Amino acid sequence: MKQKTDVLQGTLALMVLKTLDVLGPQHGYGIARRIEQISGDLLAVNQGTLYPVLLKLEQEGAIASEWGASENNRRARFYRLTREGRKQLQAETKDWEQTAAIIARFFEAKAEDLP
Amino acid sequence: MKSLRRLFTRLFNTAARRAEEERLREEIAEHIALQTDENLRAGLSPIEARRQAMLKFGGVEAMKQDYRAERGVLLIENLLGDLRNAGRSISRMPGLATVIIVSLAIGIGVNTTIFSWIQMMLFEPMPAVSGAANFLMVEPQTETGGYPGASWQEYRDLRRQVPALRDIVASQMVPFNVGERGQTERTHGQLVSGNYFSALGLKPAMGRFFRPEEAERSGTEPVVVISYDYWQTRFRGAPEAVGKKLRVNDRELMVIGVAPKDFQGTMVPLKFELWAPATMAPALLGGTRDLEDRSIRAFSLIGMLKAGATSEEAQAEFSRAMGQMARDYPDASAGIGGEILAFWKAPRGPQRMLISGLAVLQGVMLLLLLAVCGNTANLMLARGSVRQREMAVRVALGAGRWRIASLVLSENMLLALLGTGLGAVIAVWGTTALRVAPMIGAFPILFPTKVDVFTLAFAMLLGAACGFIFSAAPAVHLARLDPQEGLRSNSNTPPRSRASKVLMGVEVGLAMVVLIAAALFLESFRSARQADPRFRAEGVLLAAYDLSGRNPTDASEREFAARLLERLRSLPDVEAAAIATNVPVDLHGIPARSFTVQGHVRTEAGQDRAISNTVTPGYFQVMGIPLVEGNDFAEMRDKAAPAQAIVNEEFVRRYLNGAEAIGRSLQTRGGSFSIIGVARNSVYDAFGEPAQPAVYLSYRDLPAIQGEIHLRTRSSNETALTFEARAVLRELDPMLPLYDARTFSQHIERNLYLRRIPARMFAVLGPLLLGLAAIGIYAVVSYAVARRTREIGVRLAFGATSGRVVGQIIRENLGVIAWGAAIGWVLALAISVRVIAKGGLNVSVFLVVPAILLGVATLACWIPARRASRIDPIAALRHE
C-alpha cells in the first residue's frame with residue numbers, strides 16, 4: 001500500500017502534465033478518468049490523492065486553474081498546462097525516458113554479459 | 001526559484017485559508033457528482049452510484065490533510081497556533097508572567113545599556129568617524145612605562161618614518177578663551193595637524209576644512225573649524241557663520257567650516273568645540289615653543305594601518321624611528337621608546353579605566369540575567385508539573401514530542417520576546433540618560449552612546465538565549481512524559497534537580513554581596529551628608545582662572561595672583577580671599593606627594609606620602625581652618641622669607657610623634673621648606689574619611705598656571721560675588737575668563753552626585769536581587785513541594801503536624817540558602833576589607849543585611865511549604 005502511493009507521488013505529477021498536454025484544459029475528474037483509463041487500476045482506489053498533486057503543480061506554476069462549466073453545466077475547476085509546465089513536461093519526459101532505459105538495461109543484463 | 005515561489009504562494013495561502021477550503025470542498029463535490037453520473041450511466045442504483053463514487057475518491061479527510069499540508073506552511077500554521085495558545089496560557093497567569101517579563105526586561109535592559117557603552121568604546125569610539133575603531137594610538141613611551149605624548153617635531157619625523165601607518169594625525173587639547181575682550185568664555189578645542197579632518201574621512205557640514213598651506217606654515221593663516229553644536233548654539237546654524245571672525249585667545253580667527261554633526265573630537269568622551277591648525281600654537285598659546293622644542297610633548301598621535309600592513313610592522317618601524325631620535329636628540333628623546341596601542345587603550349582620557357570597569361559590570365549583569373533565567377526555568381518547571389495532565393492528554397491525542405516541546409518553547413519565547421521588548425525600551429531610556437549626564441568638573445564630557453541595530457540585535461540575542469535557557473528544562477521534561485503515567489497520576493517524579501538548588505544558593509550569595517555593597521554605599525552616602533567637613537563651606541565662592549594662553553613665567557604667575565588677591569580683598573563684600581591649586585572634596589582628588597621631614601626616619605621602602613595643596617596666605621581664614629600653632633604664610637610679594645610649609649595635626653602625630661613641628665625642614669616637590677605652622681585636620685578627599693596627613697605649601701614659593709579663587713563673603717549671598725570677581729579678573733586681563741564659578745556647597749553637591757550614582761545603582765540593584773532571590777527560592781521550593789504532594793499526604797495521614805511538615809521543608813531548603821549566604825557574606829567582607837579599608841568595618845551592615853536576606857528567604861520557603869501542609873491528606877492520597 002505504502003509503496004504504491006510512493007510510486008504514485010513520484011509519477012502522478014508527470015501523468016497529470018502529460019494528460020493536460022494531450023487533452024488540453026480538464027477538470028480534476030477528467031484528469032482522474034484519463035489516468036485511470038490509461039493506467040488501469042493504479043488510481044482506482046484513491047482518486048482524491050490527485051488534488052494535493054494538482055495544488056503542488058499549480059503552486060510551482062506548471063499548471064494554472066480557473067472556474068468553468070462542466071459537461072453537465074455545473075461549476076468546475078479547469079486546469080491547463082502553462083508554458084512553464086510544458087517545459088517541465090519535456091524535461092521530465094526526457095529524464096524519465098533515460099531512467100527507464102537505464103532500469104531496462106539493468107533488468108536485461110545477465111551475469112554472463114559482464115566482462 | 002521554484003521553491004521560493006512555492007514558499008510565497010504557501011505563505012499567501014496560509015493567510016487566505018478560508019477561501020481555499022471552500023474551493024477544495026467545491027471541487028470534491030463536483031468530482032463526486034461527475035463520478036456518480038458516470039456510475040449511473042453504467043446502470044447502478046443512485047445510492048450505489050454515489051457510494052461507489054465516494055469509495056473511489058478515497059478518504060476525504062486524509063486527502064484534505066494532505067492538501068492542507070501541501071497548501072500552507074504547516075510549521076508556520078502550527079507556530080501561529082502555538083503562539084495563540086501561548087498567549088492564552090500566559091494571560092491565565094498574569095502575576096507570574098508579569099514577574100518573569102519585568103525581571104527579564106530589567107536584566108536585558110541593563111545589559112543592553114552596558115553593552116551599548118562597551119560597543120561605543122570598542123567599535124565606534126569617535127562619533128561621526130566611520131571605522132574609528134581601526135585607528136591606533138602612536139604613543140612615545142618612557143622607560144618607566146609612562147606615555148608623555150609626542151612633540152611636534154617628533155610627529156613630523158614619524159609621519160615619514162612609519163610608512164606602515166597611513167596619515168598619522170596629531171592633536172593637542174587646549175583651553176580656548178573665546179570672545180571679545182572683557183566678555184570671554186572658556187571653551188575647549190584641539191590644535192590639530194593639517195591632515196586631521198581628511199585622515200578621519202570627514203566631510204564638513206558647512207564650508208571647508210584646512211588647506212595644506214594653512215596648516216603647514218607657522219602661525220600665518222588664522223583659521224578655525226567649529227563644531228556642529230557650536231555652530232547651532234552660537235551662530236544659530238546660520239550659513240553666514242562661515243567667513244565670520246572669532247576672537248580666540250585674543251587672536252582673530254576666521255571660521256572656515258563646520259565639523260559634521262555629532263563629531264566631538266578625537267578624545268572621546270571629551271567634547272571639543274573648536275579646531276585650529278597646530279601651526280598656530282605660538283599665536284594662540286602666547287608664543288609657546290611647542291612647534292620647535294622636542295622636549296615639549298604636548299601632542300597625541302593616532303594613525304591607521306596602510307592596506308596590507310600589520311601593526312607588528314608599524315610597531316617595528318615606530319620603535320626604530322624612536323631609537324634613531326633618541327640618538328639624534330639625546331636631550332629630549334633619550335630613553336623614550338614607543339608603543340602602538342589599540343584606540344580604546346588610549347592612555348589619556350577615561351576609556352581604558354572605564355572599559356575594565358564596564359567589563360566587570362557586564363559580567364555581573366549577565367550573571368544577574370542568568371539568575372533571572374534560572375528563576376524562570378524553576379517557575380516554569382513548577383508550573384509544568386501542574387500541567388502534566390494537560391500535556392499527557394495532548395500526547396495521548398497524538399501530539400508528537402516536538403509539538404509538545406515547541407508548545408512549551410513558544411510559550412517561553414513569547415515571554416522572552418515581551419521581556420526583550422520592554423528591555424529595549426529600558427535600554428533606550430538608559431542610554432539617553434547616560435548621554436545627558438551633566439557636565440562634570442571643568443571639562444565638557446559627552447558619552448556618545450546610542451541604541452542602534454547592533455545593540456538591539458544584542459538585546460534580541462539575549463532574549464532568545466534566555467528563552468532557550470529557561471525553556472530547555474520544562475520542554476525536555478514535558479516532552480518525555482509518558483501519557484499513561486501522566487494521565488493516571490500526578491506523582492510523576494522527575495529526578496531531584498540538584499542544579500536548581502545550586503542555582504538557588506548562588507543567587508542568594510550574589511544577592512548577599514550586592515545587598516551588602518548597596519548598604520555600605522548608602523551608609524557612606526548618608527554619613528557623608530551628616531559628617532562635619534571640619535572646614536566652613538557656607539559662604540564660600542569658588543571660581544577658576546587659567547593663564548595657559550598667556551605663556552606666563554613663575555614671576556608673572558606670582559604677580560598676577562598677588563594683584564588679583566589685592567583687588568578681590570578690596571571688594572566691600574569680601575571678608576577674605578585666597579587662591580589654591582586644589583579644592584577639597586574634589587572628584588579628581590587632591591594629589592598625595594612623597595616627602596622627607598627632618599626628624600623622621602622612613603620606616604619602609606615605600607615613601608611617606610601626604611596630601612599636598614598649594615595655597616596663598618589667607619587660605620586658612622577663608623576655609624575656617626584654625627592654625628593650632630605658628631603663623632600663616634608670608635605675604636605674596638615677600639622676597640626675604642625662606643620657602644615655607646604648614647602641616648596638619650595628623651602629619652605631626654603620624655610622622656613626628658607629636659613632637660614640635662615648627663622650625664623643622666621638609667623636602668618635597670624638589671625643594672626644601674621650613675615648617676612654620678600646624679593647621680587643624682580637615683576633610684580632603686571624602687566626607688567621613690579617617691584623618692590624613694597634609695602639607696600646605698605657599699603659592700609664593702610655587703606659583704601655578706591655574707588657580708582656584710576662594711572668596712569668603714560678608715553677606716549671606718556668595719553667588720552675588722561671581723559678577724564682581726569676574727569684573728576684577730577682566731580688569732586685570734580682558735582676555736581671561738573666570739570659569740567654573742560655583743559656591744562651595746554646589747561643589748560638594750556636584751561631587752556627591754557622582755557618589756550618588758553607584759549608591760543609586762546599588763540601591764536599585766540590591767532590592768532587585770533580593771526580589772529575584774526570593775522568587776528563585778519560592779520557585780524551587782514550590783516545585784519541590786508539588787512533586788512531593790503524595791509524600792506530604794502520607795506524612796500528614798500518619799499524624800505529622802503541619803508545623804512539622806513546614807519545618808522540615810524549610811530546613812531542607814534553608815541549608816542550601818545558608819551556604820550561599822555564608823559564601824556571599826565572606827566574599828562581601830573580603831571585598832569591603834580590601835576596597836573600603838579606610839572607613840573601618842561597618843558592623844551593623846554585616847549583621848543586618850544577612851538577617852534581612854535570611855528572613856526573606858525563610859518567608860519565600862514558608863509560603864509554598866505552608867500551602868503544602870494545608871493539603872487534606874485524604875484528598876492528597878485519593879488524588880494520587
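Please read all numbers here as calculations on a predicted model, not as lab measurements.

Procedures and definitions
Residues numbered from 1 in each chain as written. Chains lettered and ligands numbered in written order. Predicted model: local features only at pLDDT ≥ 70, side-chain atom pairs only at ≥ 80, totals over all residues. Helix = DSSP H or I, 4+ residues; strand = E, 2+ residues; numbered from the N terminus. Buried ≥ 20, exposed ≤ 12 C-beta atoms within 10 Å, placed from the backbone. Contact = placed C-beta atoms within 7 Å. Pairing = 2+ DSSP bridges. pLDDT = per-residue confidence, 0-100. Axes fitted to C-alpha atoms, helices over the stretch in contact; angles between N-to-C directions. Parallel < 35°, antiparallel > 145°, perpendicular 65-115°, else oblique. Left-handed = near helix turned anticlockwise from the far one by under 90°. Nonpolar A, V, L, I, M, F, W, Y, C, P; charged D, E, K, R; others polar. Core = buried A, V, L, I, M, F, W, Y, C linked by C-beta atoms within 7 Å.

Visitor: Go over the overall build of chain A with me, naming the residues and quoting the values.
Guide: Along chain A, the regular secondary structure elements total four helices and three strands. For chain A, the N- to C-terminal ordering of α and β elements is α-β-α-α-β-β-α. The 115 residues of chain A split such that 30% are buried. Considering only residue pairs separated by 6 or more positions, chain A has 47% of its internal contacts joining residues 24 or more positions apart.

Visitor: Summarise the sheet that holds strand β3 (residues 75-81) of chain A; cite the residues concerned and give the values.
Guide: What holds strands together in a sheet is hydrogen bonding between their backbones, with the strands either parallel or antiparallel. Residues and elements named next belong to chain A. Strand order in this open sheet of three strands is β1-β3-β2, and the pairing throughout is antiparallel. Edge positions in the sheet fall to β1 (26-27) and β2 (63-69), since each has one partner strand and no second. Inspection of the sheet shows β2 paired to β3 by seven bridges, in the antiparallel sense. Bridge pairing links A64 to R80 in β3.

Visitor: Go over the confidence of the model for chain A, please, and point to the residues and values.
Guide: For chain A, mean pLDDT is 79; residues scoring 70 or higher make up 83% of the total. The low-confidence segment residues 1-6 of chain A (pLDDT under 50) makes zero contacts with residues lying over four places distant or belonging to another chain.

Visitor: With reference to specific residues and values, describe the packing of helix α7 (residues 152-161) of chain B against helix α12 (residues 311-328) of chain B.
Guide: All names here are of chain B. Relative to each other, α7 and α12 sit at 135°, their axes nearing to 10 Å. Considered as vectors, α7 and α12 are oriented oblique to each other. Pair α7 / α12 crosses with right-handed handedness. Together, E154, D157, L158 and Q161 of α7 and E317, A321 and M325 of α12 make up the contact between the two elements. Within the contact of α7 with α12, the residues separate by chemical class into three nonpolar, one polar and three charged.

Visitor: Outline the interface of chain A and chain B, listing residues and values.
Guide: Contacts between chain A and chain B engage 21 residues on the former and 24 residues on the latter. For the side of chain A that touches chain B, the elements supplying multiple residues, two or more each, are α2 (28-39), α3 (50-60) and β3 of chain A. Ranked by residues supplied to the side of chain A that touches chain B, first place goes to α3 of chain A with six residues.

Visitor: I'd like to hear about the nonpolar core, residue by residue, with values.
Guide: Residue and element names in this part refer to chain B. In terms of nonpolar packing, the biggest core is built from 163 residues, with V224, L301, A511, L515, L769, I777 and V781 touching the most fellow members. For this core, the element with the most residues is helix α19 (residues 498-530), which contributes 16 residues. Counting residues in hydrophobic clusters, the runner-up holds 59 residues, among them A576, V585, V622 and I675.

Visitor: Describe unusual backbone geometry, listing the residues and the values that go with them.
Guide: Outside of glycine, negative phi angles account for most residues, and trans bonds account for most peptide bonds. Residues and elements named next belong to chain B. Unlike most non-glycine residues, R669 shows phi in positive territory, near 50°. One can find R669 in the loop between β18 (665-668) and β19 (671-679). The partly exposed category is assigned to R669, around which 16 C-beta atoms lie within 10 Å. Even without being glycine, D740 reaches a positive phi, approximately 55°. In this fold, D740 is placed in strand β22 (residues 739-743). Classification of D740 as partly exposed rests on a count of 17 C-beta atoms within 10 Å.

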